[in-house]
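Observations on chain architecture
These are the residues of each chain, in order.
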Amino acid sequence: MSRHLDGTGTGHPVLVCLDALEAELDAIKDAPAWSLSAEETEAAIARLSADLARLSEVETRLLGQAESLDLPGQLGASSLSAWLARTTRMTKGEAGRHTKLAKSLSAHEPTREAVARGDVLAEQATAITAAVDNLDDDLASEREVAEKHLIEQAAHFDAYELRRLGEKLFEVLDPETAEAREAKRLADLEAEARKKAEITFRNGGDGTIRGNFVLPELQAEMFRKALQALASPKHVRATEGAGAYDYEKPTPHKLGLAFMEYIERYRTDGLPKQGGLAATVVITAEAETFTQGAEKAGHTETGTGVSPGQLLRLACEAKVFPAVMDTGGHVLDLGRGTRFHTPAQRLALLVEQKHCQHPSCDIPGAFCHVHHTTPWSDGGHTNTLDAVLLCPFHHHQAHATGQTYPMRT
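Reading the values: rules and limits
- Residues numbered from 1 in each chain as written.
- Predicted model: local features only at pLDDT ≥ 70, side-chain atom pairs only at ≥ 80, totals over all residues.
- Heavy atoms only, no water.
- Helix = DSSP H or I, 4+ residues; strand = E, 2+ residues; numbered from the N terminus.
- Buried < 20%, exposed > 50% of the residue type's maximum accessible area, 1.4 Å probe, protein only.
- Contact = heavy atoms within 4.5 Å.
- Areas by Shrake-Rupley, 256 points an atom, 1.4 Å probe, with all protein chains shown as cover.
- Axes fitted to C-alpha atoms, helices over the stretch in contact; angles between N-to-C directions.
- Parallel < 35°, antiparallel > 145°, perpendicular 65-115°, else oblique.
- Salt bridge = Lys/Arg side-chain N within 4 Å of Asp/Glu carboxyl O.
- Patch = residues over 30% accessible without salt bridge, like charges linked within 9 Å, V, L, I, M, F, W, Y side chains within 5 Å.
- Polar contact = N/O pair within 3.5 Å; in protein donor to acceptor, adjacent residues only side chain to side chain.
- Pairing = 2+ DSSP bridges.
- Core = buried A, V, L, I, M, F, W, Y, C linked by side-chain atoms within 4.5 Å.
- Left-handed = near helix turned anticlockwise from the far one by under 90°.
- Nonpolar A, V, L, I, M, F, W, Y, C, P; charged D, E, K, R; others polar.

**A few points about the overall build of the chain**
Within the chain, the secondary structure is distributed over 18 helices and 11 strands. Expressed as a percentage of its 409 residues, the buried residues of the chain come to 27%. Summarising the internal contacts of the chain: among those between residues at least 6 apart in sequence, 44% fall at separations of at least 24. Accessible surface, the chain: about 27400 Å² in total, of which carbon and sulfur atoms supply 57%.

What follows is the structure, given as structure tokens:
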């Protein structure tokens with residue numbers, strides 16, 4: 001069936017163009033691309049990108065006409081984007097982007113003309129028009145200059161970089177006040193970002209908690225740096241062994257494991273007290289789990305189950321308060337709460353042991369953890385007599401396998 005649109009015989013240029021375009025596309029639909037050279041392929045892709053931008057500009061004018069004719073109202077659509085989504089089978093989000101561009105270009109003739117020439121891509125046009133619209137009121141008279149400047153920059157920068165340039169248009173329009181304007185812009189941006197900060201949790205129903213968060217850029221960058229350090233190849237190989245990390249960049253899974261380690265190792269003595277106590281997750285478990293290796297799970301105060309293996313690991317790596325309870329579940333006594341060795345004790349161990357005490361390892365002591373020879377969960381004490389230096393990998397192995405390492409220095 002023919003897709004030709006100019007059946008009315010009006011000869012409208014848009015319909016004639018579409019007829020010709022569709023005929024040419026029909027002609028090449030089976031043409032193989034393998035015979036194109038590297039240069040021809042690169043040139044064709046660049047030309048096609050510009051042509052798609054030009055077609056997007058034609059679409060914006062057609063959308064303006066559709067709104068003038070009230071086509072959405074005739075169809076009973078709530079908006080132009082809803083009408084476009086229904087007419088073209090686009091998603092609502094994509095239709096919204098198309099109609100937003102149409103509205104922006106209708107108010108920015110220089111940018112519209114640049115898109116019509118193929119000099120500016122659709123997403124670049126969105127960045128340009130948004131930057132011009134967001135100029136301070138006292139720079140409104142310079143909007144034409146600003147728009148022209150960004151159109152010129154579009155030949156060198158993508159939409160993301162154009163957005164960055166757009167945030168600092170005042171450096172071009174009013175250099176003398178640029179620093180003061182930048183300071184105010186950042187202060188306003190930070191204040192607004194702080195208002196939007198949030199974190200939400202929901203139970204995944206499969207032993208996981210899923211969440212979303214919104215953070216200001218600076219704090220998000222600090223958080224990212226912390227996770228990247230914990231997910232770095234050097235750290236992961238040290239704790240998990242050779243071959244445990246085969247990627248140049250941290251994967252989402254590696255960052256997730258790093259987040260877990262970040263939470264477990266964060267020093268709670270630096271947090272505000274909650275109910276008179278340092279922020280503490282209380283896990284209740286049978287004493288036999290620690291003293292006799294009983295396979296009995298523990299539970300947090302909110303009911304989250306904790307496996308015996310994880311209980312034993314946390315007993316060494318976290319601060320633990322053994323609690324003695326009567327048959328009614330009433331706490332009669334709370335035990336030790338000091339797990340970490342002091343700086344003085346670490347220094348003494350470093351002088352005495354010098355390096356990791358695993359027989360085959362010579363990692364310097366400065367990079368080692370202090371390991372309780374008698375496990376903390378079995379009543380071990382935090383002193384220099386009951387401690388050995390182990391590198392992160394062999395410390396992890398000691399807990400995973402139960403191996404002991406007598407001092408060999």
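**With respect to the packing of helix H2 (residues 38-68) against helix H5 (residues 92-106)**
Two elements in contact, H2 and H5, have axes whose closest approach is 9 Å; the angle formed by their N-to-C orientations is 85°. Classed by the angle they form, the pair H2 and H5 counts as roughly perpendicular. In this structure, H2 uses Glu 59, Thr 60 and Leu 63 to contact H5, whose residues at the interface are His 98, Thr 99, Leu 101, Ala 102 and Leu 105.

**As for the pattern of salt bridges**
Applying the stated rule across the entire model yields 16 salt bridges. Note that Arg 61 and Glu 57 form a salt bridge whose closest N and O atoms lie 2.8 Å from each other. Highlighted residues: Arg 61 and Glu 57, both in helix H2, separated by four residues, approximately one helical turn. Its relative accessible area of 1% is what places Glu 57 among the buried residues.

**Points about a nonpolar patch on the surface**
Taken together, the side chains of Ile 199, Phe 201, Ile 209, Phe 213 and Leu 215 define a hydrophobic patch exposed on the protein surface, amounting to about 550 Å² of accessible area. Counting only elements with at least two residues in the nonpolar patch, the list comes to strand S1 (198-203) and strand S2 (209-214). Note on placement: Phe 213 falls in strand S2.

**Description of unusual backbone geometry**
Despite not being glycine, Asp 70 shows a phi value in the positive range, around 55°. Relative to the elements of secondary structure, Asp 70 occurs in the loop between H2 and helix H3 (71-75). On the basis of relative accessible area, Asp 70 is assigned to the partly exposed category, the value being 43%. With phi around 70°, Arg 89 is a residue other than glycine that occupies positive phi space.

**Some remarks on the side chain of Arg 185**
Tracing the sequence through the fold places Arg 185 in helix H11 (residues 178-196). Reaching out from Arg 185, the side chain makes a polar contact with the side chain of Glu 182 at a distance of 3.0 Å. With sequence-adjacent residues up to four places away left out, Arg 185 is seen in contact with Glu 167, Lys 168 and Phe 170.

**Thoughts on the pairing of strand S11 (residues 387-390)**
Working note: regular strand, side chains alternate between the two faces of the sheet. Burial of the side chains of S11 extends over both faces: Ala 387 and Leu 389 are buried on one face and Val 388 and Leu 390 on the other. Note that strand S10 (residues 369-372) and S11 share four bridges and pair antiparallel. Note on S11: the bridge partner recorded for His 372 is Ala 387.

**Section: the nonpolar core**
Ranked by internal contacts, the top residues of the largest apolar core, which has 22 residues, are Val 120, Ile 128, Leu 150 and Leu 169. Within the residue set of this core, elements represented by two or more residues are H5, helix H6 (109-117), helix H7 (122-133), helix H8 (143-153) and helix H10 (170-173). Per-element tally for this core: the top contributor is H7, with five residues. Filtering out sequence-adjacent residues up to four positions away, Leu 150 remains in contact with Ile 128, Ala 131, Val 132, Leu 162, Leu 165, Gly 166 and Leu 169. Listed in part, the 11 residues of the second largest apolar core include Leu 349, Cys 356, Ala 387 and Val 388.

**Considering the packing of H7 against H8**
Interaxial distance between H7 and H8 falls to 10 Å at its minimum, and their mutual angle equals 155°. In terms of orientation, H7 lies roughly antiparallel with respect to H8. For H7 against H8, the interelement crossing comes out right-handed. Only Arg 143, Ala 146, Glu 147, Leu 150 and Ile 151 of H8 make contact with H7, whose side of the interface consists of Ile 128, Ala 131, Val 132 and Asp 133. A per-class count over the contact of H7 with H8 returns six nonpolar, no polar and three charged.

**Some thoughts on helix H4 (residues 80-88)**
Of all the positions in H4, only Leu 80, Trp 83, Leu 84 and Ala 85 are classed as buried. Of the surrounding secondary structure, the elements contacted by the buried residues of H4 are H2, H3 and H5. Where H4 ends, the next residue or the one after it, Arg 89, has phi of about 70°, a positive value.

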